[in-house]
Amino acid sequence: MSGDNVEVVGLPRGRLDRWLASTLGDRFEFGHWRAEVISGGLSNLTYRLTFGGQSVILRRPPLGGVLPSAHDMRREWRLLTALHPTSVPVPEPLALCTDDSVIGVTFYVMSDVHGVVLRSAEDTRGLEVHQRTKLSETFVSTLTRLHAITPDEVGLGDFGRGKQFNERQVRRWGRQWDRVRQRQVDDMHRLMDELTERIPPVNDISIVHGDYRLDNMIVDLQDGDPRVEAVIDWEMSTLGDPLGDLGLALTYWHDLDDQERALIPAAAGVTARPGFLTAAEVADRYAALSGRDLHHLNFYLGMGAMKLAVILEGVGARFRAGHMAKRDELGLDDAVRALVGRGLRQLKSK
């Protein structure tokens, strides 16, 4: 964390100080503030600004080398503004700045939601068994509430092209694989081909998060039963097939006895503890709460495995040019192969 009035990469002071005071000064007493980067990389940058015992969250695009359309702050702002009055918990949007003269890009400020993010197996170690069960149930019910919202009713009817969502997803992630892959993985092409041949019809269109998983939630653990205070990181949200969210969420989910899943570093071990519902139980609960038919669930599981494999291959690509040893330590090569294999098996399962 920086000291007061110290320049922070991506947050030039001066104009930002004046913008904060003029835009939010009636609600917060801005004076000397310090900033902490709480997420970054190739995703949108997230900072916590702390001042006088208060704090807010500022989101801006990455510092360079990305397409503006891939990190559209106006789009995130619109989504949060639409969802905040609904039963889906999101941070309160506070102010949007489209004046590039302030920090050089469009950005927005939202409330700092208090709670914890459960990112690792260590984070869920201290939970009681009944808390893990309750958290699993809340995880599912929050997703079904999101998918129950009618986009037109919250002003998001034109938020994405919902039709042919699955076809576009397979093509999009296939192109991304071709951009980031570091070696030939023949089974990935087989997986892409199988997915293309098995694309199911979309029965309904909803708002989809795009990366729905446990560590994209802020959870309150203070009063016994866990409560989801906010779902965060909406940069991949759009309109589409709600079962795409479920398939990827189940790909991240780690069952207690799933040894192969332990090879995949993304959220490894987080739900692999007594009390958490199994992935199959999560799917059954989603079907019961949403009323949706999961007849084609294996397609969505295969697509989820493919997407996560591409994401991890992209992470490995960042360790090129002299950083191969570190990439090997992360075990990403084995993880990608495991995911591709799982995807193919899931497509062939009945």
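Concerning the pattern of salt bridges
Once the charged atoms of two side chains with opposite charge are near each other, the side chains can pair.
And then number 1: Tallied over the entire structure, the rule returns 22 salt bridges.
And then number 2: The shortest N-O distance in the salt bridge between arginine 198 and glutamate 194 comes to 3.0 Å.
And then number 3: Looking at glutamate 194, the relative accessible area reads 19%, which means it is buried.
And then number 4: Several salt bridges converge on common partners, so that one network encompasses Arg59, Glu76, Asp233 and Glu235.

As for the side chain of threonine 271
And then number 1: Tracing the backbone through its elements, the reader meets threonine 271 in the loop between α7 (242-252) and α8 (279-290).
And then number 2: In terms of polar contacts, threonine 271 uses its side chain to reach the backbone amide nitrogen of histidine 254, at 2.8 Å.
And then number 3: Ignoring any residue separated from it by four or fewer positions in sequence, one finds threonine 271 in contact with Leu214, Trp253, His254 and Phe276.

Some details on helix α9 (residues 297-317)
And then number 1: In this model α9 runs 30 Å from its N-terminal to its C-terminal C-alpha over 21 residues, within 8% of the 30 Å that 1.5 Å per residue would give.
And then number 2: Of all the 21 residues making up α9, 18 are buried; the element is thus mostly covered by neighbouring parts of the structure.

What about the packing of aromatic side chains?
And then number 1: For the structure on display, the rule yields six aromatic pairs.
And then number 2: Seen in terms of ring centroids, phenylalanine 139 and tyrosine 212 are 4.7 Å apart; in terms of plane orientation they differ by 45°. Their pairing is tilted. Of the two residues, phenylalanine 139 is situated in helix α4 (residues 129-148) and tyrosine 212 in the loop between β6 (206-208) and β7 (217-220); the sequence distance between them amounts to 73 residues. For the residue pair phenylalanine 139 and tyrosine 212, the accessibility class agrees, reading buried in each case.
And then number 3: Site record: aromatic cluster; members linked through ring pairs are Phe139, Tyr212, Trp253 and Phe276.
And then number 4: Arginine 75 extends its terminal NZ or CZ atom over the ring of phenylalanine 159, reaching a point 3.8 Å from the ring centre.

Calculation rules
- Residues numbered from 1 in each chain as written.
- Predicted model: local features only at pLDDT ≥ 70, side-chain atom pairs only at ≥ 80, totals over all residues.
- Heavy atoms only, no water.
- Salt bridge = Lys/Arg side-chain N within 4 Å of Asp/Glu carboxyl O.
- Buried < 20%, exposed > 50% of the residue type's maximum accessible area, 1.4 Å probe, protein only.
- Helix = DSSP H or I, 4+ residues; strand = E, 2+ residues; numbered from the N terminus.
- Polar contact = N/O pair within 3.5 Å; in protein donor to acceptor, adjacent residues only side chain to side chain.
- Contact = heavy atoms within 4.5 Å.
- Expected span 1.5 Å × (residues − 1).
- Phe/Tyr/Trp six-rings, centres within 6.5 Å; stacked < 30°, edge-to-face > 60°.
- Lys NZ or Arg CZ within 6 Å of the ring centre and 35° of its normal.

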